[in-house]
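For reference, the chains in residue letters:
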Amino acid sequence: MGITALTLFFCLILLEIGVRLFAPQYKKLFQYHEVVGVRRIPNSTFKVYTPTSKLTHSANSDGYTTPEVSIDKPPGTFRVILLGDSMTEAIQLPDEVIVRSRLENKLKQKLDQEVEAIKLGYSGYGTAQEYLAYMEFGRKYEPDLVILNFLADNDVANNSQKLESGPSKPFFEIRDGELVLTHRPSKDAKGRLMSFITDYLVLPRFLYLKFETAKARFEQASRGSAGGESDAGLNVRDGVYHQDYDQTWQEAWDITIALIRKLAEQVMADGAKFIVVSFPVARQTVPEVRQEFSEANTKRG
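Reading guide: rules and limits
- Numbering of residues starts from 1 in each chain and follows the order in which that chain's sequence is written.
- Where totals are concerned, whole chains, interfaces and linings use all residues; where local detail is concerned, this predicted model gives features only for residues with pLDDT of at least 70, and gives and counts side-chain atom pairs only at 80 or more.
- Excluded from the side-chain calculation are hydrogens and water; included are all heavy atoms of the structure.
- Under the DSSP-based scheme used, a helix requires at least four consecutive residues in state H or I and a strand at least two consecutive residues in state E, with every element numbered from the N terminus.
- A helix is expected to reach a length of 1.5 Å times the quantity of its residues less one.
- Each residue's exposure class comes from its accessible area (1.4 Å probe, protein chains only) as a fraction of the maximum for that residue type: buried when under 20%, exposed when over 50%, partly exposed otherwise.
- As used in this structure description, the phrase polar contact means that two N or O atoms lie within 3.5 Å; if the pair is within protein, one of them must be able to donate a hydrogen and the other to accept it, and residues adjacent in sequence are counted only when both atoms belong to side chains.
- Salt bridges are defined by distance alone: a side-chain nitrogen of Lys or Arg within 4 Å of a carboxyl oxygen of Asp or Glu.
- Helix axes are fitted only over the stretch in contact, all axes being lines through C-alpha atoms; the angle between N-to-C directions runs from 0 to 180 degrees.
- For classification purposes, angles smaller than 35 degrees are called roughly parallel, those larger than 145 roughly antiparallel, those between 65 and 115 roughly perpendicular, and all remaining angles oblique.
- By definition, turning the near helix anticlockwise from the far helix through less than a right angle yields a left-handed crossing, and turning it clockwise yields a right-handed one.
- Contacts are assigned to residue pairs with any non-hydrogen atoms lying within 4.5 Å of each other.
- Each residue gets one label: Ala, Val, Leu, Ile, Met, Phe, Trp, Tyr, Cys and Pro are nonpolar, Asp, Glu, Lys and Arg are charged, and the others, such as Gly, are polar.
- A pair of strands is treated as paired once DSSP finds two or more bridges between them.
- pLDDT is a residue-level measure of predictor confidence that goes from 0 to 100.
- Each nonpolar core is a collection of buried residues, namely Ala, Val, Leu, Ile, Met, Phe, Trp, Tyr and Cys, held together in the definition by side-chain atoms within 4.5 Å.

Caption draft 1: Just helix α8 (residues 247-269), in detail. For α8, built from 23 residues, the straight-helix expectation of 33 Å at 1.5 Å per residue is met to within 8% by its first-to-last C-alpha distance of 33 Å. Those residues of α8 that sit buried are W249, A252, W253, I255, T256, L259, I260, L263, A264 and V267. Capping of α8 at its N-terminal end is provided by D246; its side-chain oxygen lies 3.2 Å from the backbone amide nitrogen of T248. G271 occupies a position one or two residues after α8 and carries a positive phi of about 90 degrees.

Caption draft 2: Broad picture of the pattern of salt bridges. Counted according to the given criterion, the structure contains 11 salt bridges. Residue K73 is joined to D144 by a salt bridge in which the shortest nitrogen-to-oxygen separation is 3.1 Å. Here K73, found in the loop between β4 (54-58) and β5 (77-84), pairs with D144, found in the loop between α4 (127-138) and β7 (145-150); they are 71 residues apart in sequence, far enough to count as distant. What makes D144 partly exposed here is its relative accessible area of 24%. One connected set of salt bridges, linked through shared partners, spans D95, R100 and E104.

Caption draft 3: Representation of the packing of α4 against α8 in the model. Orientation of α4 relative to α8, taken along the N-to-C sense of each, is 15 degrees, at an axis distance of 9 Å. Accordingly, the angle class assigned to the pair α4 and α8 is roughly parallel. Both α4 and α8 take part in a crossing whose hand is left-handed. Contacts between α4 and α8 pair T127, A128, Y131, Y134 and M135 from the former with T256, L259, I260, K262, L263, Q266 and V267 from the latter. Tallied by class, the residues present in the contact of α4 with α8 amount to eight nonpolar, three polar and one charged.

Caption draft 4: Looking closely at the pairing of β4. Of the two faces of β4, only the one carrying L55 and H57 is buried; K54, T56 and S58 on the other face are not. The hairpin turn running from strand β3 (residues 45-49) into β4, its antiparallel successor, is four residues long.

Caption draft 5: Local environment of the confidence of the model for the protein. Taken over all residues, the pLDDT of the protein has a mean of 84, while the share at 70 or more is 79%. For residues 226-232, every residue scores under 50 in pLDDT, and the model assigns this stretch 12 contacts once sequence neighbours within four places are set aside.

Caption draft 6: Spatial organisation of the nonpolar core. If you look at the biggest cluster of nonpolar residues, it comprises 38 residues, and the most contacted ones within it are Y64, L83, F172, L263 and F274. If you list the elements that add at least two residues to this core, you get β5, β6 (114-121), α4, β7, α5 (152-158) and α8. Tallying contributions element by element places α8 first for this core, with nine residues. In contact with F274, not counting residues within four places along its chain, are L145, V146, L148, I260, L263, A264 and V267. Ranked by size, the runner-up nonpolar core spans seven residues in total, among them F78, V80, V115 and L145.

Caption draft 7: Expanded view of the sheet that holds strand β10 (residues 273-278). Strand order in the open sheet made by the four strands is β6-β5-β7-β10, with parallel pairing throughout. On the outer flanks of this sheet lie β6 and β10, each paired with one strand and no other. Looking at each pair of strands side by side, their axes are set apart by 20 degrees on average, direction ignored. Here eight bridges tie β5 to β6, and the two strands are oriented parallel to one another. If you follow I81 over to β6, its bridge partner there is I118.

Here you go:
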């Protein structure tokens, strides 16, 4: 029995080493934060694997994939803060082609002065986390312009604790007409052993994600064999596209609008200009995808 357990232990060690060497994309790339909930590991370098390339990204001292800049703004420099989610972080693309870099270069040409564009975007953020990211990290850079990249496709649901849950996410509610932070991020309630497994080992994450991928493919195949209908990516967040909102979705929109207003008021109070940019998705802009999505929503009522 002892030899069998020892053999199993060494096999798991070899598998862990193998995954680290040949599938490094499964390493943990994020860290808990008590205000915004989650961010990249500060001052870390990591690789992102796409079907066509392998990209290397670095996180600054705040934990965001943006170049490190001094807190004190150099004289004559125009600073921009970009807030958003994965569309803003864009780690699937090289830095030189993403919005941050292109905006920085365009503004340099337009303004004929030094420009620093600072990206505080992270995959999965909603407006609440973007507001808190500005308060916690963005304000200290004394920006001249703050741009909120708004993705209605999922940001509205991200801001509602009724539509999206999780201990590491902050949530606001409107109480007596005021926006109130009602849920602060917290770490998962787990023991030291489980924390070590989830925070430092790659093999469990590799197996879990492979299982989830296989499960999703099986469910998709089962739906196809049952009726051959596409679900067009339908999920609970798709309620944002309904013409009439129930109470939950109306509250989610009210919270989102209040967060944008609060962010705008704070940015302008800090002496900067504020812009909201609406990011569309394929189901809004590509005719065939929009048609498929509309038909699937109609069938599901």
